Structure formats: structure tokens, C-alpha cells
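Summary of structural features
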Amino acid sequence: MKYGENIIEIISKTNNVIDFKGIVIGTNVEIEYKDPNEFLTTNDYVLVEGNAYKSSENCIAMNENAKDSVITFSIYSSKETKADFYFNIASRSTPALISDILEINVNGNKYNTEASLPNVGQDFFTYNDVYLGEINLVKGVNEITFTVLTNDPSINTNMRSIIFKNTDAELSWAESSVVFNKFIYEAENTIINTIEYDGHNYPAISDGNSSSEEKYLGGINDAGLFATTHKATLTFKIKANKSGKAKLYFGAGVSGSAKGSSYPVKVNNQEYISTQSWAGDGWYDWKNQYYGQIQLLEGENTFVITIDKGECINLDYFLIESTLEITNI
Ligand SMILES: [Ca+2]
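Everything numeric in this text was worked out from a predicted model, so none of it was measured. (Residues numbered from 1 in each chain as written. Predicted model: local features only at pLDDT ≥ 70, side-chain atom pairs only at ≥ 80, totals over all residues.)

This part is about the overall build of the chain. Along the chain, the regular secondary structure elements total 3 helices and 26 strands. The buried share of the chain, reckoned over its 329 residues, is 40%. Expressed as a percentage of contacts within the chain between residues at least 6 apart in sequence, the contacts between residues at least 24 apart total 80%. (Helix = DSSP H or I, 4+ residues; strand = E, 2+ residues; numbered from the N terminus. Buried ≥ 20, exposed ≤ 12 C-beta atoms within 10 Å, placed from the backbone. Contact = placed C-beta atoms within 7 Å.)

Here it is, written out as C-alpha cells:
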């Protein structure tokens, strides 16, 4: 099997931290990708609709709110052929069939698999190539979707990649008709309503430590701890070309004790509260921490983040990922 040039070219255009055939850096588990026909879930070409999300742990995470999420891969095949079809997912200790967790569709047809959820090793941390069955590929673009069927937290899993083996076609990412726009609003550029304590204001803008634009907000811990008559808030506005869904991420550095922390976000006065557990390891280990799916309106949208508790994070930026066009006001 020849390693397709298209694959190399497309991967190199992305900003992923993953070397396609190398080692994943900065996760709890080091994973070596050996197969040239392995398509990684963290690639920009994977479309994730609903509450499943691309995690900073280099997988698509399906938490207890992920039911009805749809994960779409568009794969180009150089010819009509067959292949052995696998995906790489995390172990869970509760026995289940894959068909209880995910509905798979290939080019619009339901794909039946007898495969089981792997249960060797450590829950959520051991990843396995799971054989799903033989697949028919058409010449050109093949659309493969995974629809999450359950919110059951005992069997939901995380997906790292799909893999094709024993095929005589050259496979590569296909251009999807879906365009993802990523918009970053630097935390240090928000309107910062601070907490004053003992002659200091929290949070405060700090410099450096390889943060985006070399500035970030520190002292969020203190802003949460010292708040008395009011809470610290961060406010910013953006413009969307039409109404629709978007995914909100915090670009942040999180220290160990604060990984369960979250802060209320209001978008156009609608409140969102995330139950997300944060990744990363240290105040300057900047990661995109998924917050949740939000609703945007056509035109102006106002975000207000309230710092309501003393947790140790440094806040670098807010990332909004959407098919909408988002711009500064
Ligand atoms: Ca920043």
C-alpha cells in the first residue's frame, strides 16, 4: 500500500499537534500511528455535530450529553474496492455492543457490525483498534458517519481514528462541503470587570509563557476567592453572519486541583454551564478546553463569563468553532 501524497499534503495544512505517523504529545497516553490509512479524529476535516466534541486529549469525546451527535468522515478512494474497516476507541469496563452505542452509515446506508466495546485495560485510557467488518468503498468521496445512540455514561467511549486495512485503493481525506471557521478572542482583550483585594485587581493581564499573543489572564483563582459584593466578569462581542450553533472552547492552562472547575457563560443573556473535566497539566500548558455548544444570533452576540469560584486556571483566549462566519465588531 502506497502512502498517498494527498494525505501528507492535507495533514501538513492543519495545525494539529499530531505527527501523522509519529507520537502524540501531551496526552496521558502516547499513541503511535503506524498505518498510512488511519484517519485521525482531531483533523479539521472531521465534522462533529452535536455535543460530542474534539477533545484536547486527541480524540472525539462522547460524554453523557452526546446522544444524537453525528461524526462525519469524508474519505476519497482512488477506486471502487473493498477494505477491512476498523476504528480506534477507548476501553470501557461495561460490556456492550458497538451497535448499542453508535449507528454507522456508509454512503447513506446503515452499516451493521457485530463488534463489541473493548474492555481490556484502563477505562477511557486504553485505546484499541476494533474490527468493524468489511466495507465497500466507491471511487471518489465516501461519506462515513457515526451517530451517537446513547447518553449512558457507562458505555459511551472516545474515538481516536478510523482505519482501513487490506485495501488496494489509495485513500485520503476528501474535501468536505463543510467549512469550519475558527475565531479566537483573546481573553486579555475582553472587558475585564475585576475584583479588588488588598490593593490588587484580579484577574490581571500577564505576559509571556508562550500564551497566544503573549498575554493571558492570571489571578482568576483570587478573583473567585476574594469576591464579596460582586463577581469578576469578562465581556466581549462578536458578529455572526447568520444564526446557528457554535462550539465554545476556553484556551486555558489548568493546574491539577482545578480540572473539574467551570465558570458560567452567558451568550446573549442565555446561561450555559459546562460540566466538562479539563485536560492539560499546568498553568502554562495551554489547551483548548471544550465548554459546550452555544447558540449564536445573526449580527451582534455578547458573551459574559462570570468568575464565580477560586480555581487555578490561567485564561488565554476563547475559541469559537462554527460553520458560521464570525468576525470582530
Ligand atoms: Ca492571549
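This paragraph deals with the nonpolar core. Formed by 75 residues in total, the largest nonpolar core has its most connected members in Ala52, Ile60 and Leu315. In contact with Ala52, not counting residues within four places along its chain, are Ile60, Ala61, Met62, Ala66, Ser69, Ile71 and Val148. (Core = buried A, V, L, I, M, F, W, Y, C linked by C-beta atoms within 7 Å.)

Within the fold, Glu188 resides in the loop between strand S13 (181–186) and strand S14 (191–193). C-alpha separation for the pair Glu188 and Tyr317, spaced 129 residues apart in sequence, amounts to 7.5 Å. Leaving out residues up to four positions away in the same chain, Glu188 has contacts with Ile205, Lys215, Tyr216 and Leu217.

With that settled, consider unusual backbone geometry. With an omega dihedral of -5°, the bond running from Tyr202 to Pro203 counts as a cis peptide bond. Positive phi is not limited to glycine here, since Ser210 has a value of about 60°. By the secondary structure assignment, Ser210 is in the loop between strand S17 (204–207) and strand S18 (215–218). With a phi angle near 55°, Asn268 is a residue other than glycine that sits in the positive phi range. As for its placement among the helices and strands, Asn268 is situated in the loop between strand S21 (265–267) and strand S22 (270–272).

For strand S6 (residues 81–90), a buried count of 7 out of 10 residues is recorded, marking the element as mostly surrounded by other parts of the structure. Both S6 and strand S9 (residues 127–137) contribute to a ladder of 10 bridges, which runs antiparallel. By the bridge assignment, Asp84 is partnered in S9 with Glu134. As paired strands, S6 and strand S11 (residues 158–165) are joined by 6 bridges and run antiparallel to one another. Paired with Ile89 across the two strands is Met159, which belongs to S11. (Pairing = 2+ DSSP bridges.)

This next bit is on the pairing of strand S20 (residues 244–254). Burial within S20 is extensive, with 9 of its 11 residues counted as buried. As paired strands, S20 and strand S23 (residues 282–296) are joined by 10 bridges and run antiparallel to one another. Considered in S23, the bridge of Ala252 is made with Lys287. Bridging between S20 and strand S25 (residues 313–322) involves 8 bridges; their strand directions are antiparallel. Bridging from a neighbouring strand, Ala252 pairs with Leu315 of S25.

Let us now look at the environment of Glu49. Note that Glu49 resides in strand S2 (residues 47–49). A sequence separation of 19 residues divides Glu49 from Asp68, and the C-alpha atoms of the two residues are 8.6 Å apart. Once residues lying within four places of it in the same chain are set aside, the contact partners of Glu49 are Ser69 and Val70.

Atomic detail in the predicted coordinates should be set aside for any region of low pLDDT. The predicted model of the chain has a mean per-residue pLDDT of 84, with 86% of residues at 70 or higher. Counting interchain partners and residues more than four positions distant, the pLDDT-below-50 stretch residues 1–30 has 37 contacts. (pLDDT = per-residue confidence, 0-100.)

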